[in-house]
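This is what each chain is made of:
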Amino acid sequence: MSTHVIKPGWFTVNVFNRFVAWLTRRGISVWGSRVLAVRGRKSGQWRTTPVNLLTVDGRQYLVAPRGHVQWTHNMRAAGGGQLRLGKRVENFTAVEVADDDKPPLLRAYLKRWKAEVGVFFKGVGPGSSEAELRRIAPDHPVFRITITD
């Protein structure tokens, strides 16, 4: 497994993510944003982070543009979590998508959010070849989620 991680800078952590999370907690989705809540794999405490919820062919996915970050490790351990938008809380289970199945999902994600996250994909964009998308697939965990309530 890849160990690719791009840590967010001060502005992202202290301004951008907080602002998007603030809006999302108030029920305002910014291009599909949700607040992801997942139990910490060591502490058992809820950990939250803003995410972009991707829908492809009626299925929902979470993509980690910054790589194998803490929420992805926690998701693997917990097998699911919650998506929050305002007062609406949806519990879900999650299954990690195999690298070979990621290219169309990464392409769809980049079509929608390249302006926001494109810098994390090593120059690969929505118009890139299948081979280029396969090359970066191990660096970007993708989880198919199923709402359980």
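Residues numbered from 1 in each chain as written. Predicted model: local features only at pLDDT ≥ 70, side-chain atom pairs only at ≥ 80, totals over all residues. Heavy atoms only, no water.

Draft legend 1. Expanded view of the overall build of the protein chain. Assigned secondary structure in the protein chain consists of four helices and six strands. Written out in order from the N terminus, the α and β elements of the protein chain read α-β-β-β-α-β-β-α-α-β. The C-alpha radius of gyration of the protein chain comes to 15 Å, within 12% of the 15 Å expected for a compact globule of 149 residues. Across its three principal directions, the C-alpha atoms of the protein chain cover 40 × 30 × 30 Å. When each of the 149 residues of the protein chain is scored for burial, the buried share is 44%. Contacts spanning at least 24 positions in sequence make up 63% of the contacts within the protein chain whose residues lie at least 6 apart. Between the mean site of the 24 positive side-chain charges and the mean site of the 11 negative ones, the protein chain shows a separation of 10 Å. (Helix = DSSP H or I, 4+ residues; strand = E, 2+ residues; numbered from the N terminus. Rg over C-alpha atoms; globule rule 2.2 N^0.38 Å. Buried < 20%, exposed > 50% of the residue type's maximum accessible area, 1.4 Å probe, protein only. Contact = heavy atoms within 4.5 Å. Lys, Arg positive; Asp, Glu negative; His and termini not counted. Charge placed at Lys NZ, Arg CZ, Asp CG, Glu CD.)

Draft legend 2. Up close: the nonpolar core. Counting 18 residues, the largest nonpolar core has L54, Y61, L106, Y109, F121 and V142 as the members making the most contacts within it. At the level of elements, β2 (46-56), β3 (59-63), α3 (103-117) and α4 (130-136) are the ones that each hand at least two residues to this core. For this core, the element with the highest residue contribution is α3, accounting for six residues. Ignoring anything within four residues of it in the chain, the contact list for L106 reads V63, F121, L133, I136, A137, H140 and V142. One finds V38, L83, A94 and F143 within the second-largest nonpolar core, a separate group that totals 14 residues. (Core = buried A, V, L, I, M, F, W, Y, C linked by side-chain atoms within 4.5 Å.)

Draft legend 3. Structural view of unusual backbone geometry. Although it is not a glycine, D57 adopts a positive phi angle of roughly 50°. Note on placement: D57 falls in the loop between β2 and β3. Classification of D57 as exposed rests on a relative accessible area of 77%. Look at K122: it is not a glycine, yet its phi comes out positive at around 50°. Within the secondary structure, K122 is located in the loop between α3 and α4. Exposure remark for K122: the relative accessible area of 46% places this residue in the partly exposed category.

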